[in-house]
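# Examination of the molecular architecture
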Amino acid sequence: MIGSGQTTIRHGGAQDVAHVAELHADSWRTTYRGIVPDEAIGDGLAAQRRELWELRLAADYGEPENTPVLLIAERAGETAGFVYLVPQPDGRVLVDNLHVRPGRTGGGIGRELLAAARAEVAERHPGAELYLEVLSGNTRAVAFYEREGGVRIRAQEGVFPGGYLLPEYVYAWPAAPGPASGPTSTSGQSTS
């Protein structure tokens, strides 16, 4: 576990399913309201997120270099955010999710998680590009990724749960120098 004073970032696992699923559902309801159809964030969302994280965190991905990594940010004993990193066959690493608990955005947690993700990728996948897909209507997240040095490499349509096609952007960060030393955190302001 590595901390920055207020935030501790650690590797997550199956023991984190309930907290991550609950935070994920709450973040979607808050962030995506008005961006995605209401049905996509309706009553079944909490159960869907729980099932998703149970599957993800129990799966055997084989070799360590193929295994996704969950990093958890904790503040005051609470799961305050998480980032999920998925190695891709082309050698890049996808930030599949980066969420901060509603009410805690703007306090640096997103920045700390993104820095920890970049350090994790530098250590586990030297030379790999980190990238993510973000809904273009999620202007707060778009602004955050741009402030954090993400380069918009294209616009595309993404398939959202429920089969909805929504416009999104792809952002990338070039390979971080070095190998790093695992999860790290920095302090500062961010939203995600």
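All of the points below concern the structure found in this document. (Residues numbered from 1 in each chain as written. Predicted model: local features only at pLDDT ≥ 70, side-chain atom pairs only at ≥ 80, totals over all residues. Heavy atoms only, no water.)

### Considering the nonpolar core
- With 27 residues, the main nonpolar core has V83, L85, L113, L130 and Y145 as its most contacted residues.
- Sorting the residues of this core by element identifies β3 (69–75), β4 (78–87), β5 (93–100), α3 (109–124), β6 (130–135), α4 (139–147) and β8 (164–173) as the ones contributing at least two each.
- The dominant element in this core, judged by the number of residues it contributes, is α3, at 6 residues.
- Contacts of L130, omitting those with residues within four sequence positions, involve L85, V93, V95, L114, A117, R118, V121, Y171, A172 and W173.
- In this structure, L57, L70, V86 and Y131 belong to the second largest nonpolar core, which totals 15 residues. (Core = buried A, V, L, I, M, F, W, Y, C linked by side-chain atoms within 4.5 Å. Buried < 20%, exposed > 50% of the residue type's maximum accessible area, 1.4 Å probe, protein only. Helix = DSSP H or I, 4+ residues; strand = E, 2+ residues; numbered from the N terminus. Contact = heavy atoms within 4.5 Å.)

### As for the environment of L57
- Structurally, the position occupied by L57 is in helix α2 (residues 45–58).
- In this structure L57 comes out as buried when scored by relative accessible area, which is 18%.
- Measuring from C-alpha to C-alpha, the distance between L57 and A14 comes to 5.2 Å, with 43 residues separating the pair along the chain.
- Residue contacts for L57: discarding those within four places in its chain leaves G13, A14, V17 and L70.

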